[in-house]
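Results of the structural survey
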Amino acid sequence: MSEFTEAMAQLSAGVAVVTVRDGRDDLGTTVSALMSVSLEPPLVLVSLASRGYLNEVLLRQDRWAASLLSSGQAAIASRFATPGRPSARLLVAGVPHHRGPQTDALVVEGGVAALEAETTRVIPAGDHTLFLATVLSVPYVNPALQPLVRLRGRYRAMGT
């Protein structure tokens, strides 16, 4: 692990699953680089590895969803983070979910919140691509749950 990677691992970050519908298939990945950019208009930014397949799909599919996971959803985060993972439909089998009405992307239920977004700007950034997006809808917010965070290479509940 490089010193830079180790330094960045000291920052805690919320964990989300980003999903997109691509024709008849569903794709998704776990991210910890999702942030609010603006309240008016509501904008978010997600950073994806440029060599990843989801990055390739998001370059042609503008609408996607982000499910902000709760502390009890570490297994879901792990499923979507596994290399060579199958279709997102298989990854959410047995997990409450629905299709977002704005994006047709899978939205995982039981998290702390979910967003549907439309990419408005794509920014190459080193070995990653930044997707700046307008929030189209917020399917749910559940402040009673604790968020799942990633810190020092592990998923953790807040306060642990």
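Look up a bit, the structure's there.
Read on for an overview of the structure.

Some remarks on the sheet that holds strand β3 (residues 25–31)
Taken in spatial order, the seven strands line up as β3-β2-β6-β9-β10-β5-β4 in an open sheet, and their pairing is antiparallel. Sheet topology places β3 and β4 (34–38) at the edges, where each strand pairs with a single neighbour. Direction aside, neighbouring strands of the sheet carry axes that sit 35° apart on average. Pairing geometry for strand β2 (residues 16–22) and strand β6 (residues 63–68), over four bridges, is antiparallel. In the sheet register, Val17 faces β6, and the bridge partner there is Ser67. Helix α3 (residues 74–81) contacts β2 and β3 of the sheet and is inclined by roughly 115° relative to β3.

Remarks on the environment of Arg152
Structurally, the position occupied by Arg152 is in the loop between β11 (148–151) and β12 (154–157). Residue classification places Arg152 among the exposed residues on the basis of a relative accessible area of 54%. When the C-alpha atoms of Arg152 and Met8 are compared, they prove to be 8.4 Å apart, with 144 residues separating the residues in sequence. Residues within four places of Arg152 in sequence aside, it is in contact with Ala9 and Gln10. For Arg152, the side chain forms a polar contact with the side chain of Gln10, separated by 2.7 Å.

Comments concerning the packing of aromatic side chains
Under the counting rule described, the total for this entry stands at zero aromatic pairs. The lysine or arginine in question, Arg150, covers the ring of Tyr155, its NZ or CZ lying 5.4 Å from the ring centre.

Concerning the layout of surface pockets
Empty space within the largest pocket amounts to approximately 590 Å³. Along the wall of the largest pocket there are 25 residues; nearest its centre are Thr29, Thr30, Val31, Ser47 and Ala49. Going through the elements one at a time, β3, β5 (43–49) and α2 (53–58) are the ones with two or more residues in the lining of the largest pocket. The leading source of residues in the lining of the largest pocket is β3, at six residues. Broken down by class, the residue content of the lining of the largest pocket amounts to twelve nonpolar, nine polar and four charged.

Structural notes on the environment of Leu54
Its place among the elements puts Leu54 in helix α2. Between the alpha carbons of Leu54 and Glu118 there is a distance of 15 Å; along the sequence they are 64 residues apart. Contacts of Leu54, omitting those with residues within four sequence positions, involve Val18, Val20, Leu27, Gly28, Thr29 and Leu48.

Examining the pattern of salt bridges
Within the structure shown, the criterion is met by seven salt bridges. For Asp22, the salt bridge is made with Arg60, and the minimal N-O distance between the two is 2.7 Å. On the criterion of sequence distance, the pair formed by Asp22 in strand β2 and Arg60 in the loop between α2 and β6 is long-range, its members being 38 residues apart. The residue Glu118 makes a salt bridge to Arg63 at a minimum N-O spacing of 3.5 Å. Taken together, the residues Glu118 in strand β9 (residues 113–125) and Arg63 in strand β6 connect sequence positions 55 residues apart. A single salt-bridge network, built from bridges that share partners, covers Asp25, Asp26, Arg89 and Arg99.

About the criteria used
Residues numbered from 1 in each chain as written. Predicted model: local features only at pLDDT ≥ 70, side-chain atom pairs only at ≥ 80, totals over all residues. Heavy atoms only, no water. Pairing = 2+ DSSP bridges. Helix = DSSP H or I, 4+ residues; strand = E, 2+ residues; numbered from the N terminus. Axes fitted to C-alpha atoms, helices over the stretch in contact; angles between N-to-C directions. Contact = heavy atoms within 4.5 Å. Buried < 20%, exposed > 50% of the residue type's maximum accessible area, 1.4 Å probe, protein only. Polar contact = N/O pair within 3.5 Å; in protein donor to acceptor, adjacent residues only side chain to side chain. Phe/Tyr/Trp six-rings, centres within 6.5 Å; stacked < 30°, edge-to-face > 60°. Lys NZ or Arg CZ within 6 Å of the ring centre and 35° of its normal. 1 Å grid on protein atoms, 1.4 Å probe; cavity = no way out; pocket = protein on both sides within 12 Å on 5 of 7 lines; lining within 4 Å. Points joined across faces, edges and corners; volume = space filled by probe spheres on them. Nonpolar A, V, L, I, M, F, W, Y, C, P; charged D, E, K, R; others polar. Salt bridge = Lys/Arg side-chain N within 4 Å of Asp/Glu carboxyl O.

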